[in-house]
Each structure stands twice: as C-alpha cells, then as structure tokens.
Amino acid sequence: MPNISLKRYSPNDKQTWNNFVSEAKNATFLFNRDYVDYHSDRFIDHSLLVYSGDNLEALFVANEDGNTIHSHAGLTYGGMILLPDVRLEEVASIFYHVLKYYKEQSFSSIQYKTFPSYFTTYPAYEDEYVLFLLNAELTKREASCVISRSEPMSYRNNREKSVRDSKAIPYKINIATDPTKFWRDVLEPNLFERYSAKPVHTPQEMKLLMERFPTNIKLYEIYDDELLAGAVIYEMPNAVQAQYLSATPTGRKNGALDFLIDHLVTNVYQDKDYFSLGTSNEDEGRSLNRGLMSWKEGFGARTRVHDFYRIETRNFSLLSSYA
C-alpha cells in the first residue's frame, strides 16, 4: 500500500467516517459517530482515519488514557474497521503505520478489542493473524452465548417447559420509546439485587441512543397487569444482540422473560443469522456465571469467544516487511 497517511479524527470528518462505517465488513452502528460520541465527555478520543493516497482504507476507533490507547473503552467491541475487499498484507501495513504513529505519540500500548465474528458481513479475521505477528498478549476472553440460525439446537427441557407454560398467561408485548420505567422498575433493581451492579447506560443515555438509532435499538417490554420483563435489542444486518435482559421476581417466576426471548427468536428475528444473548462473565472473563450461562444455553445458544489483547506499540517493527 503506497503513500500510507494517518489523520486523527475530528468532528469535520464525521460524514466521511460514517460513510465508511456503512460500507465496512466489520462494523455496526456502534461505530457511527452519533453512537461513539454520545459519551464523549468521558473519553479523550484518538481515533484514526487511514489513507492510501487519496483513498480511505481503514478506520480505528480509539480513545487515549494516560500512555495507553483503547479501542474503544466506551464500546463493547472494537478493532480495525475494514472494507470487504481488503487483503491481508494491506491490513498488516495498516497496523504497522497505526502502531508506529501511536509509538511516536508516546503511547506504549494498545488495549485492542476484537470484533465479534458473528456480526461481520464478510469474513474478517485479518487482524487476528496480524495480532499473532505482533506478539500481542491475550488479556481477556469473554464467553458469549449465541443462537445460530444455520446450526439450530433444540431448547433444553426446562426452558421448553417454561416457554410452554408461559404461553397460558395472556402476556402483552410492546415496543417502548422511553426506557425510564424499565430501568427504574426492572433493570436497576434486578442488577443491584442479584449482582450488586448498575447498567452501563443510564436511562437518559439509552433514551438518547434509541432516538438517534430508532431502527437499530428497540426495547421490548412484556406485561401482565404490570411490567414484568424487558429486552433491549441491538439490531445489525445479519444479527441481533440482547444488550439488556431483565425481569422482576414475579416475571422470573412466571416465565415472562423466557416467553419474550422465545417470541423474539422465533417470530421477530427469525430472518437473522445470529441472535446473541450476551456474555456471562465476571473478573475480566476468568469467572463464569454458571447459572446465567446455563439459562442462555437452554434456548439453544452456544459459546462464541470474544478476545481482548494488549499490543506493545514498539512492536510495529515486527511488521516492517509490510511497511
């Protein structure tokens, strides 16, 4: 790749950036700047646009923290954003120049999140090979539970019975435009009670994102006489991600969330190749919430891993033959 040049992202590049994201093989709406920048007050953005001559060849969404670059600390996943026709040696060259740039900017390492393979529109494993060449250190591995449409597995007996029993209850499902009630009455109490945790997003942030991406982010709520459960779903071209799943104690007892997931998997998103129920990990991936994992596996979901690496920027020289 001749004449590689890098440009640090600025708001003036927003449309160029978003246009590239819409064409990339390993990007979702999370890389759109309207999503990346919703919490820009918390991060120092240091994203890059990679050019070969006048042609934009890649994007790297990133923020800086001290002498470390993260790709990106405010997003679930990251990675080098690439076009479908990119070649492996071109990706190696891109990494050479990106690492060299950050090294010259006095950053010692990059915390690199890979892009989940089941969200890609074309195969996109080039970066994993380049990470091997760079002696990147695997620092974290999350276990995601994913239902594959082309490799379906039956529900386990307990999940099948729960769904069957729940169908006797006259549940009502609606798509909410305001997440406040679900956050206040279901999600926040449930996370605090069961895990002493809080949602990553505030209800105000989620409402903002739902307004910015109405075709990509949907909140499904299920009622009997009261709100019992809900699911925040992120829609991608080939897949969906359950960003939040939660139920009240009554909702868990009566199978409301099981009913909702079954409805989404078998009816609403039957045309999607993959349905991700998310991770079940704690302690940087080294602790598995077995009960939660078993519940997800009950719907026929199976494990796909999501890897995180540490790259020493000085190792750019290992790719010098691709420069």
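See the structure above.
Predicted model, so just to flag it, every value in this text is computed and none were measured.

A. Quick peek at the packing of aromatic side chains. Under the defined criterion, the tally for this structure stands at 28 aromatic pairs. With a centroid separation of 6.2 Å and an interplanar angle of 15°, the aromatic rings of Phe60 and Tyr112 are classed as stacked. Of this pair, Phe60 sits in strand 4 (residues 55-60) while Tyr112 is found in strand 8 (residues 109-113), placing the two residues 52 residues apart along the sequence. One exposure class covers both Phe60 and Tyr112, and it is buried. By way of ring pairs, the aromatic residues Phe31, Tyr77, Phe115, Tyr118, Phe119 and Tyr274 are connected into one cluster. Above the plane of the ring of Tyr9 lies Arg33, whose end atom (NZ or CZ) is 3.8 Å from the centre. Against the face of Phe308 rests Lys140, its NZ or CZ located 4.7 Å from the ring centre.

B. Region of interest: the pairing of strand 8. Across the five residues that make up strand 8, a large majority, four, are buried. Bridge count for strand 6 (residues 68-71) against strand 8 is four bridges, and the pairing is parallel. Residue His70 lies in a different strand from strand 8, and its bridge partner there is Gln111. The pairing of strand 8 with strand 17 (residues 302-312) spans five bridges and is classified as antiparallel. If you follow Ser109 over to strand 17, its bridge partner there is Glu312.

C. A look at helix 4 (residues 126-133). Every buried residue of helix 4 is listed here: Glu126, Asp127, Val130 and Leu131. Down the axis, helix 4 shows its buried residues gathered within 135° of arc, on one side only. For helix 4, the secondary structure elements touched by its buried residues are strand 7 (80-82), helix 3 (88-104), strand 8 and strand 17. Looking at the residues trailing helix 4, positive phi occurs at Asn135, about 55°.

D. Local environment of the nonpolar core. By size, the foremost hydrophobic cluster in this structure holds 43 residues, and its most contacted members are Phe31, Tyr35, Ile81, Ile217, Val232 and Tyr234. The dominant element in this core, judged by the number of residues it contributes, is helix 6 (residues 180-195), at five residues. Once residues within four sequence positions are removed from consideration, Phe31 is found in contact with Trp17, Val21, Asn26, Val36, Val61, Leu75, Tyr77, Gly78, Ile81 and Phe115. Ranked by size, the runner-up nonpolar core spans 30 residues in total, among them Val50, Ala92, Tyr96 and Tyr112.

E. Main features of the packing of helix 3 against helix 4. Across the interface, helix 3 lies against helix 4 with an axial gap of 9 Å and an inter-helix angle of 55°. Comparing their axes, helix 4 and helix 3 come out oblique. Read as a crossing pair, helix 3 and helix 4 show a hand that is right-handed. Listed contacts from helix 4 to Leu88, Val91, Ala92 and Phe95 of helix 3 are Glu126, Asp127, Tyr129 and Val130.

F. The arrangement of the pairing of strand 4 in detail. Pairing geometry for strand 3 (residues 48-52) and strand 4, over five bridges, is antiparallel. Opposite Leu48, over in strand 4, you have Phe60 as the bridge partner. Counting the residues between successive antiparallel strands, the hairpin from strand 3 to strand 4 contains two residues, one of them, Gly53, with a positive phi of roughly 65°. The pairing of strand 4 with strand 7 spans three bridges and is classified as antiparallel. Bridge assignment links Phe60 to a residue of strand 7, and that residue is Met80.

G. Representation of the sheet that holds strand 10 (residues 172-176). Strand order in the open sheet formed by eleven strands is 2-5-6-8-17-9-14-13-12-11-10, and the pairing between neighbours is mixed. Of all the strands in the sheet, just strand 2 (44-45) and strand 10 have a single pairing partner and so form its edges.

H. Structural detail: the pattern of salt bridges. Within this structure, the stated rule accounts for 22 salt bridges. Between Arg310 and Glu312 there is a salt bridge, with its nearest N and O atoms 2.2 Å apart. Its relative accessible area of 28% is what places Arg310 among the partly exposed residues. A network of salt bridges, in which partner residues are shared, links Arg33, Asp37 and Asp45.

Criteria and cut-off values
- Residues numbered from 1 in each chain as written.
- Predicted model: local features only at pLDDT ≥ 70, side-chain atom pairs only at ≥ 80, totals over all residues.
- Heavy atoms only, no water.
- Phe/Tyr/Trp six-rings, centres within 6.5 Å; stacked < 30°, edge-to-face > 60°.
- Helix = DSSP H or I, 4+ residues; strand = E, 2+ residues; numbered from the N terminus.
- Buried < 20%, exposed > 50% of the residue type's maximum accessible area, 1.4 Å probe, protein only.
- Lys NZ or Arg CZ within 6 Å of the ring centre and 35° of its normal.
- Pairing = 2+ DSSP bridges.
- Arc of directions from axis to C-beta.
- Contact = heavy atoms within 4.5 Å.
- Core = buried A, V, L, I, M, F, W, Y, C linked by side-chain atoms within 4.5 Å.
- Axes fitted to C-alpha atoms, helices over the stretch in contact; angles between N-to-C directions.
- Parallel < 35°, antiparallel > 145°, perpendicular 65-115°, else oblique.
- Left-handed = near helix turned anticlockwise from the far one by under 90°.
- Salt bridge = Lys/Arg side-chain N within 4 Å of Asp/Glu carboxyl O.

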